[in-house]
Amino acid sequence: MANRTVKDAHSVKGTNPQYLIEKIIRTRIYECRYWKEECFALTAELLVDKAMELKFIGGVYGGNVKPSPFLCLVLKMLQIQPEKDIVVEFIRNENFKYVRALGAFYMRLTGTTLDCFKYLEPLYYDYRKLKLQNRDGGFQLMHMDEFIDILLRDERVCDIILPRIQKRHVLEENNQLENRVSALDEDLEDMDTDEEEAMERSPSPVERRHGDRGSPPRHRRSPSPRNRERRKRSRSRDREKRHRSRTPTDKRHRDDDRKKSKKHRHEHKSRDKDRDRDKRHHRSSRHHKDDKDRDKGGSKSESKAGLSIAESNELRASLGLPPLK
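Positive phi, normally seen in glycine, also occurs at Ala41, with a value near 60°. Summarising the element assignment, Ala41 is placed in the loop between helix 2 (33-38) and helix 3 (44-52). For Ala41, a relative accessible area of 53% corresponds to the exposed category. A positive phi is found at Asn175, a non-glycine position, where the angle reads about 60°.

Take a look at the structure:
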């Protein structure tokens, strides 16, 4: 008797609400301890207290296929079939995240397509963390918006096959739903406006060219050691190719050219030596001439000095003055 659906319950998707959960999982829930101790004689009012005590969400786990408390409360809600207003209040509850997750899961099981999109899409803005239990009994982190996205897109969640719903674009084409406005649209518009302003402020290519003329030259980056090795290898390969491509006639011509260049160098060196000798001889002759001129100038000055002294003594003697020494 405790596992039967309420008499006043309405059929969901054309069947008993409890049949939305597979029979194997349903029998496991009926046999588990949590169902017998915590979910016995629960009403819609008492169900809220049990939902507030939830610590994680999940389906079945372990080798014995044990159901999680979250799955037990989902089956209990399908059994007692609470009113739609109570389920909506579960979804709108912001203080207890697992109560919201429970209400969203029940709405996805029993609600129409319009109700699912109407009440679950606003939960995309809830980024709180949830604990999800794996099949192995371990836990992993999940966010509320991820859980809602999985409910609206996947076919199996928490080991329960969800009823199919229409795609959103079909409802939009039939004018049953308005186009969804993402929260990122405003941020994207702001980014576009910032980019446009930056483009307006940035100089044109012509102005950049004029500005670069007066700007100091930019230093090129030194190549990395890998690039240096590659360049050395490519140069060595080019040299090898050139060496291979050379013919005997080319070698002869090159040897002749080298001999001629050596002869020209030797001739240039001999010419340079002759020029240096001429320059040295010319310099030495100049110095010799200068010395002779100096000697002549000295003798002349001395003779002139002697004549001037004799003349002055004669004048002094005529005047009756003593002669100069």
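So, next bit.
Let us look at a negative patch on the surface. On the surface, a cluster of negative charge is made up of Asp185, Asp187, Glu189, Asp190, Asp192, Asp194, Glu195, Glu196, Glu197 and Glu200. Turning to its location among the elements, Asp192 is positioned in helix 10 (residues 184-201).

Following the sequence through the fold, Arg33 ends up in helix 2. On the basis of relative accessible area, Arg33 is assigned to the exposed category, the value being 63%. Between the alpha carbons of Arg33 and Pro67 there is a distance of 9.8 Å; along the sequence they are 34 residues apart. At a separation of 2.9 Å, a polar atom in the side chain of Arg33 contacts the side chain of Glu37.

Orientation of helix 6 (residues 97-110) relative to helix 8 (residues 144-153), taken along the N-to-C sense of each, is 10°, at an axis distance of 11 Å. With respect to each other, helix 6 and helix 8 are oriented roughly parallel. Contacts from Lys97, Arg100, Ala101, Ala104, Phe105 and Arg108 of helix 6 reach helix 8 at Met144, Phe147, Ile148, Leu151 and Leu152. Looking at side-chain class alone, the contact of helix 6 with helix 8 contains eight nonpolar, no polar and three charged residues.

The mixed open sheet is built from three strands, whose spatial order is 1-4-5. With one partner strand each, in any of the chains shown, strand 1 (57-58) and strand 5 (139-143) form the two edges of the open sheet. Where helix 6 meets the sheet, its contacts fall on strand 1 and strand 4 (129-133), and the angle it forms with strand 4 comes to roughly 65°.

Counting residues in hydrophobic clusters, the biggest one holds 58 residues, and the most contacted among them are Phe70, Phe105, Phe147 and Ile148. Elements supplying a minimum of two residues to this core: helix 1 (23-31), helix 3, helix 4 (69-80), helix 5 (84-92), helix 6, helix 7 (113-120), strand 4 and helix 8. With residues near it in sequence (within four places) discarded, Ile148 still touches Ala104, Leu120, Leu123 and Tyr124.

Another aspect to go through is the packing of aromatic side chains. Centre-to-centre distance and the angle between the planes together describe a pair of aromatic rings. Summed over the entire model, instances satisfying the criterion amount to three aromatic pairs. Note on Tyr30 and Trp35: the rings are 5.6 Å apart at their centroids and 55° apart in plane angle, and the pair reads as tilted. On the basis of relative accessible area, Trp35 is assigned to the buried category, the value being 5%. Over the ring of Phe139 we find Lys131, and its NZ or CZ is 5.5 Å from the ring centre.

What follows concerns the pairing of strand 5. Two elements, strand 4 and strand 5, share five bridges in a ladder whose sense is antiparallel. In the sheet register, Gln133 faces strand 5, and the bridge partner there is Phe139. Joining the antiparallel neighbours strand 4 and strand 5 is a turn of five residues, in which Gly137 adopts a positive phi near 95°.

A few words on the confidence of the model for the protein. Scored by pLDDT, the protein comes out at a mean of 79, with 69% of its residues at no less than 70. Mean pLDDT values over the elements of the protein span from 56, in helix 11 (residues 205-214), up to 95, in strand 4.

Conventions adopted
- Residues numbered from 1 in each chain as written.
- Predicted model: local features only at pLDDT ≥ 70, side-chain atom pairs only at ≥ 80, totals over all residues.
- Heavy atoms only, no water.
- Helix = DSSP H or I, 4+ residues; strand = E, 2+ residues; numbered from the N terminus.
- Buried < 20%, exposed > 50% of the residue type's maximum accessible area, 1.4 Å probe, protein only.
- Patch = residues over 30% accessible without salt bridge, like charges linked within 9 Å, V, L, I, M, F, W, Y side chains within 5 Å.
- Areas by Shrake-Rupley, 256 points an atom, 1.4 Å probe, with all protein chains shown as cover.
- Salt bridge = Lys/Arg side-chain N within 4 Å of Asp/Glu carboxyl O.
- Lys, Arg positive; Asp, Glu negative; His and termini not counted.
- Charge placed at Lys NZ, Arg CZ, Asp CG, Glu CD.
- Polar contact = N/O pair within 3.5 Å; in protein donor to acceptor, adjacent residues only side chain to side chain.
- Axes fitted to C-alpha atoms, helices over the stretch in contact; angles between N-to-C directions.
- Parallel < 35°, antiparallel > 145°, perpendicular 65-115°, else oblique.
- Contact = heavy atoms within 4.5 Å.
- Nonpolar A, V, L, I, M, F, W, Y, C, P; charged D, E, K, R; others polar.
- Pairing = 2+ DSSP bridges.
- Core = buried A, V, L, I, M, F, W, Y, C linked by side-chain atoms within 4.5 Å.
- Phe/Tyr/Trp six-rings, centres within 6.5 Å; stacked < 30°, edge-to-face > 60°.
- Lys NZ or Arg CZ within 6 Å of the ring centre and 35° of its normal.
- pLDDT = per-residue confidence, 0-100.

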